[in-house]
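These are the residues of each chain, in order.
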Amino acid sequence: MSDTARGGMLEPHAWGGLSFQERMATAEFRIHHTPHIVVDGRVCADCSTRECVVACPAALFVPTAEGGIVFNHEQCFECGTCYLVCNREGAITWSYPEGGHGVVFRRT
Amino acid sequence: MTDVDVIVVGGGPAGSCAAITAARAGLDVVLIERGPFPGSKNMYGGVVYPRILDGLIPNWWEEAPVQRWVTRRSTMLLTPTQALTVDFRSQAWGAPPYNGATAYRPDWDHWLAGHAEAAGAQLITSTVVTGLLRAPSGAVTGVRTDRPDGDLTAKVVIACDGVNSFLAKEAGLYEHTDAKHFTLGVKETLALPKEVIDERFAVRDNHGVDIEILGGTGGVNGGGFLYTNLETLAIGVVLKLTKLGAQKARPEEIIAGLKRHPAIAPLVQDGELKEYSAHVIPEAGLTMMPKMIADGLLVAGDAAALCLAAGIWLEGVNFAMASGMYAGEAAAEAVRAGDLTAVGLAGYQRRLSDTFVLKDHRRLKRAPELVLSDRVQHLYPQMIANVAERMFRVDNPDPKPGLRRILAQERKRAGVRRRDLARDGWIGFRSFG
Ligand SMILES: Cc1cc2nc3c(=O)[nH]c(=O)nc-3n(C[C@H](O)[C@H](O)[C@H](O)COP(=O)(O)OP(=O)(O)OC[C@H]3O[C@@H](n4cnc5c(N)ncnc54)[C@H](O)[C@@H]3O)c2cc1C
Ligand code: SF4
Ligand code: SF4
């Protein structure tokens, strides 16, 4: 996903020359094909706050031109921020990835 | 007959310590972790206070995976162009039994889980506990997992499944969860040569620095931190969830802003990003704590909101280790007595109440709210920094003004009401004093 697709607010200069993709590439994600978080775009369609877009530290919630939200689970920190800030019933179905998958912080 | 005596869910510091005490009491213990190894899912700022381990792992400092011993601790107050730092140093903290240590969580948690295994607990990784098994009475009798035929029964389940604790929620122990009780922590691990870190932070050998920062979070209520590991720095911010979304500032941009601050930039310059990470913190202490005991179930660590997050204190690992330890002991007591109800498990509550775990939380009950309040976040730092600036400024030919006059003028200029200042001061004094 390109940085502009992530909402156009992620200019590389903001963090010393590193693009957001490069930033996310520093963490390891063992991706499982089944999404552990599912976002129901129909509920998002008339959401005016859109707090998930700003708050998700992995910038996984991307507004579309049509006023919807596109979500990709692959580089998720499993932190819980999105379901906590979202106050729309049914917008986010949140669970953990299957055992052994998802984010892996490294040992030294 | 149950499959095992005790199931501990979560291989963080709470879970491993629960497994250690329960297994050492002779119980048959299983420790279940959803990541590929304990610690793989866990990040934090970076300082552990491990004295609670004295009784559990004698001379733990000889084997613990420590990066640096914290011998210098600073609290920094930032405005966009000013910085006021209180800096304390103690050589005593660089020798046994030490005070705080910087450490990486994947290392630390993996090490502690090793002690659980050595005590006889069986560690099962890459396995998610997906729910609780309940008797018709409602008593917890085991867990469901995402493995085929993955149900496992036990006399006691200890939920150490961290801040999102779906188990405590499923058991109905939380009345509600509210975004205003949580902060998001984001962190960058920056690589720098050891000599550069030693020089910039004025430390030698394996001594290190812990800097807590108020201000510098781009107008979002929260705080910052900067810690030294052996060959990396950990810099990050903790952000109030309800303010983050409303302010339209993204977390990594807020870290970038902190890194650009004139007081911080020279410390972190040229650090190469090794890892970007994020995690949520239960911030509200006593205000949000759930019930921690039900029939057949105990809840410990962040799952019970036992993290102490009160401004200049961000202690969670020690609270997790201690509460886990006590949960394991109480489970053993209940199994021995043959009473697995909440009454039989009440030894857990007693242990928490009698020790720092709940005593510190009671003392600092109002601190989290005070520290994250708009006045402490947005008005006081500017006021205090201005007072310091005028104290130290030489305005010749004007004579030096008296401190009392500066204080009065700066309070007015910052728009702080005397009444609010007195009230906040009193709460602060009652909490921290
Ligand atoms: C940015 C940040 C900075 C911090 N700084 C500090 C600091 O400097 N010092 C300090 O002492 N504390 C700090 N803390 C707090 C500290 O990290 C926590 O309080 C501590 O990790 C709590 O330990 P725990 O064992 O309760 O939970 P966790 O460490 O979260 O462990 C929970 C474990 O359970 C596993 N798990 C969860 N659900 C399941 C499931 N369903 N099935 C199987 N396994 C599961 C997880 O994978 C994880 O391993 C910080 C926190 C953050 C986010
Ligand atoms: S996920 Fe929630 S906060 Fe985000 S756009 Fe949808 S409804 Fe709004
Ligand atoms: S859990 Fe955290 S990282 Fe994952 S989508 Fe939600 S906010 Fe983003």
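Residue positions are counted from 1 within each chain, in the order its sequence is given. Chain letters start at A and ligand numbers start at 1, both assigned in the order the entries are written. Local features in this predicted model are restricted to residues whose pLDDT is 70 or higher, and side-chain atom pairs enter the listing and the counts only when it is 80 or higher, whereas totals over whole chains, interfaces and linings include all residues. Hydrogens and waters are ignored; side-chain quantities use all the structure's heavy atoms.

Draft legend 1. Quick look at the overall build of chain A. Secondary structure elements are defined from DSSP: runs of H or I of at least 4 residues count as helices, runs of E of at least 2 residues count as strands, and each element is numbered from the N terminus. Assigned secondary structure in chain A consists of 4 helices and 6 strands. When the elements of chain A are put in sequence order from the N terminus, they spell out α-β-β-α-α-β-β-α-β-β. When accessible area is computed with a 1.4 Å probe and restricted to protein chains, residues below 20% of their type maximum are described as buried, those above 50% as exposed, and intermediate ones as partly exposed. Put simply, chain A has 108 residues, and 52% of those count as buried. We call two residues in contact whenever any of their non-hydrogen atoms come within 4.5 Å of each other. Summarising the internal contacts of chain A: among those between residues at least 6 apart in sequence, 63% fall at separations of at least 24. For accessible areas, the Shrake-Rupley method is used with a probe of radius 1.4 Å. Any residue's cover is judged against the shown protein chains and nothing else. Here chain A displays about 5,100 Å² of accessible surface, and carbon together with sulfur accounts for 52% of that area.

Draft legend 2. Quick peek at the confidence of the model for chain A. Residue and element names in this part refer to chain A. The pLDDT value tells you how sure the predictor is about a given residue, anywhere from 0 up to 100. Looking at chain A, the pLDDT average stands at 87 and 85% of residues meet or exceed 70. Model confidence for chain A, summarised as mean pLDDT per element, is weakest for helix 2 (residues 41-44) at 91 and strongest for strand 6 (residues 102-104) at 98. Note that residues 1-15 has pLDDT below 50 and, in this model, 35 contacts with residues that lie over four places away or in other chains.

Draft legend 3. How the structure looks around the packing of aromatic side chains. Each Phe, Tyr or Trp ring (for Trp, its six-membered ring) is paired with any other whose centre lies within 6.5 Å, and the angle between the two planes then decides the class: stacked below 30 degrees, edge-to-face above 60, tilted in between. Applying the stated criterion across every chain, the model contains 18 aromatic pairs over all chains. Relative to Tyr96(A), the ring of Trp94(A) lies with its centre 5.3 Å away and its plane at 75°, an arrangement referred to as edge-to-face. Judged by centre distance (3.5 Å) and plane angle (10°), the ring pair of Trp69(B) and Tyr98(B) falls under stacked. In this pair, Trp69(B) is assigned in strand 4 (residues 68-78) and Tyr98(B) in the loop between strand 5 (83-89) and strand 6 (100-102), connecting sequence segments 29 residues apart.

Draft legend 4. Looking closely at the pairing of strand 12 (residues 207-214) of chain B. Residue and element names in this part refer to chain B. In terms of burial, strand 12 is a largely internal element, 8 of the 8 residues being buried. Burial of strand 12 is two-sided: the residues His207, Val209, Ile211 and Ile213 facing one way and the residues Gly208, Asp210, Glu212 and Leu214 facing the other way are all buried. By the bridge criterion, 8 bridges tie strand 4 to strand 12 in an arrangement that is parallel. When the sheet's bridge partners are listed, Thr75 is paired in strand 12 with Glu212. Strand pairing requires that DSSP identify at least two bridges connecting the strands. In this structure, strand 12 lies alongside strand 13 (residues 222-228), joined through 4 bridges in antiparallel fashion. Counterpart to Glu212 in the pairing with strand 13 is Phe225.

Draft legend 5. Examining the site of ligand 3 more closely. Neighbouring ligand 3 are 14 residues; Cys56(A), Cys76(A), Phe77(A), Cys79(A) and Cys82(A) lie closest to it. The classification used treats Ala, Val, Leu, Ile, Met, Phe, Trp, Tyr, Cys and Pro as nonpolar, Asp, Glu, Lys and Arg as charged, and all other residues, Gly among them, as polar. Looking at side-chain class alone, the shell around ligand 3 contains 11 nonpolar, 2 polar and 1 charged residues. Near residues are defined by distance, with any heavy atom within 4 Å of the molecule or strand qualifying the residue.

Draft legend 6. Representation of the domain arrangement of chain B within the structure. Residues and elements named next belong to chain B. Boundaries between domains were set according to an automatic or database domain assignment. Structurally, chain B comprises domain 1 (4-67 + 103-176 + 285-365), domain 2 (180-282) and domain 3 (373-432). Between the C-alpha centres of domain 1 and domain 2 the distance comes to 28 Å. Across the boundary between the two partners, domain 1 contributes 21 residues, which contact 22 residues of domain 2. For the pair domain 1 and domain 2, the two sides together bury roughly 1,700 Å², of which 64% comes from carbon and sulfur. Two parts placed together each lose some accessible area under a 1.4 Å probe, and the buried area is that loss summed for both.

Draft legend 7. Representation of the nonpolar core in the model. Residues belong to one nonpolar core when they are buried, are Ala, Val, Leu, Ile, Met, Phe, Trp, Tyr or Cys, and are joined through side-chain atoms within 4.5 Å. In this structure, Phe61(A), Phe77(A), Leu53(B), Trp108(B), Ile158(B) and Tyr348(B) are the most contacted members of the largest nonpolar core, which totals 152 residues. Counting contributing residues, this core receives three or more from each of domain 1 (4-67 + 103-176 + 285-365) and domain 2 (180-282) of chain B. In this structure, Tyr49(B), Val70(B), Phe225(B) and Ala234(B) belong to the second largest nonpolar core, which totals 10 residues.

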